[in-house]
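Chain and residue survey
Here's the letter readout for the chains.
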Amino acid sequence: MRIVIAEDSTLLREGLTRLLAEASFEVVAAVEDADALLESVDRHRPAVAIVDIRMPPTHTDEGLRAALALRKKYPDTGVLVLSQYVRVSYAAELLDAGADGVGYLLKDRVSDLAEFAASIRRVGSGGSAFDPAVVSRLLGRRRDLSDSRLTERERAVLALMAEGRTNQAIGQRLFIAERTVEKHCTSIFTKLDLSASPHDHRRVLAVLRFLNG
């Protein structure tokens, strides 16, 4: 899987490059600003662009703006943004274009290489990967779901689904059988009025409705 990294910190950029090489990813470019990121994605068309939210020149949201531009111009490239902090507004902006091929992780998660690599692969395969802290904050904004149709268990399943977990992983996390997870998913789809369709991915639609409303 081909990767482009955009991170202005030389130490972190080189560290990410080495870590991802160890995890069998091909880092085709590692750049330090948003302009170089856009040029590198145009040149290499990677499976995933890993983007620091804060980059030069102002170190505010240049990375986020570049990530949004990538999602619009290169829909086949997954975008995984990294941040030191949870900003619900940033997550909401990323989700405006859908929940497929997008992720938002805190930089602390990078230290767990297996988990980080799994998140990159999910995003590169069209799934989502949201940090549990981000999901928790977004869940706090969605009281309408918690107070009405979904049960506490269904909310827990949907929150883990939003992190990008498979049914097997959700079952292991909640200590329930995979078949039980499947039943909860069916109930969630029904309550969110997501009927089966060959043109729609109900799992992605459920996550999008949950996170972005």
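Overview of the structure.

All right, on to the nonpolar core then. Judged by nonpolar contacts, the single largest core of 49 residues is most densely connected at Leu 37, Val 81, Tyr 104, Phe 130 and Val 157. Of all the elements, helix α8 (residues 152-163) adds the most residues to this core, at six residues. Core analysis: the second largest hydrophobic core is formed by 17 residues, Ile 5, Leu 20, Leu 82 and Val 110 among them.

This brings us to the sheet that holds strand β3 (residues 48-52). One open sheet accounts for six strands, arranged β2-β1-β3-β4-β5-β6; its pairing is parallel. Looking at strand neighbours, the two that pair on one side only are β2 (26-31) and β6 (128-130), the edges of this open sheet. Pairs of neighbouring strands in the sheet enclose a mean axial angle of 20°, with direction left out of account. Alignment of strand β4 (residues 78-83) against strand β5 (residues 102-106), held across five bridges, turns out to be parallel. Bridging across to β5, Leu 80 finds its partner in Gly 103. Those strands touched by helix α4 (residues 88-95) are β4, β5 and β6, and its axis lies near 165° from that of β5.

To continue, consider the side chain of Ser 119. Position of Ser 119 relative to the elements: it lies in helix α5 (residues 113-124). Leaving out residues up to four positions away in the same chain, Ser 119 has contacts with Leu 105 and Ala 129.

Attention now goes to the side chain of Ser 83. As for its placement among the helices and strands, Ser 83 is situated in strand β4. On the basis of relative accessible area, Ser 83 is assigned to the buried category, the value being 7%. Once residues lying within four places of it in the same chain are set aside, the contact partners of Ser 83 are Ile 53, Tyr 104, Leu 105, Leu 106 and Lys 107.

Quick look at the pairing of β2 now. The sheet contact formed by strand β1 (residues 2-6) and β2 spans five bridges and is parallel. Following the sheet pairing, Val 4 is matched in β2 by Ala 29. In this fold, the crossover linking β1 to β2 by way of helix α1 (residues 10-22) has right-handed handedness.

Note that an α-helix has 3.6 residues per turn; residues three or four places apart therefore point the same way. In this model, helix α10 (residues 178-191) (14 residues) spans 20 Å end to end at C-alpha, consistent with the 20 Å of a helix rising 1.5 Å per residue. When α10 is considered as a whole, its buried residues turn out to be Val 181, His 184, Cys 185, Ile 188 and Phe 189. Taken around the axis of α10, the buried residues stretch over an arc of 140°, which confines them to a single face. Facing away from the buried side of α10, by more than 90 degrees, are the exposed residues Arg 179, Lys 183 and Thr 190. Once α10 finishes, Asp 193 follows within two positions and takes phi at roughly 60°, a positive value.

Relative to the 16 Å expected for twelve residues at 1.5 Å per residue, α8 spans 17 Å between its end C-alpha atoms, a close match to the ideal helical length. Taken across its twelve residues, α8 has nine buried, putting it largely inside the fold. Considered for burial, the residues of α8 that qualify are Glu 154, Arg 155, Val 157, Leu 158, Ala 159, Leu 160, Met 161, Ala 162 and Glu 163. Just downstream of α8 lies Gly 164, where phi reads positive at about 100°.

The next point concerns the pattern of salt bridges. Across all of its chains, the model carries nine salt bridges by this definition. In this structure, Glu 7 engages Lys 107 in a salt bridge whose closest nitrogen and oxygen atoms are separated by 3.3 Å. Here Glu 7, found in the loop between β1 and α1, pairs with Lys 107, found in the loop between β5 and α5; they are 100 residues apart in sequence, far enough to count as distant. For the pair Glu 7 and Lys 107, one class covers both residues: buried. Between Glu 154 and Lys 191 there is a salt bridge; the shortest N-O distance is 2.9 Å. Within this pair, whereas Glu 154 is found in helix α8, its partner Lys 191 is found in helix α10, the two being separated by 37 residues in sequence. The buried category is assigned to Glu 154, whose relative accessible area is 5%.

Reading guide: rules and limits
- Residues numbered from 1 in each chain as written.
- Predicted model: local features only at pLDDT ≥ 70, side-chain atom pairs only at ≥ 80, totals over all residues.
- Heavy atoms only, no water.
- Core = buried A, V, L, I, M, F, W, Y, C linked by side-chain atoms within 4.5 Å.
- Buried < 20%, exposed > 50% of the residue type's maximum accessible area, 1.4 Å probe, protein only.
- Helix = DSSP H or I, 4+ residues; strand = E, 2+ residues; numbered from the N terminus.
- Pairing = 2+ DSSP bridges.
- Axes fitted to C-alpha atoms, helices over the stretch in contact; angles between N-to-C directions.
- Contact = heavy atoms within 4.5 Å.
- Right-handed = clockwise from strand over helix to strand, strands pointing away.
- Expected span 1.5 Å × (residues − 1).
- Arc of directions from axis to C-beta.
- Salt bridge = Lys/Arg side-chain N within 4 Å of Asp/Glu carboxyl O.

By themselves these figures say nothing about function.
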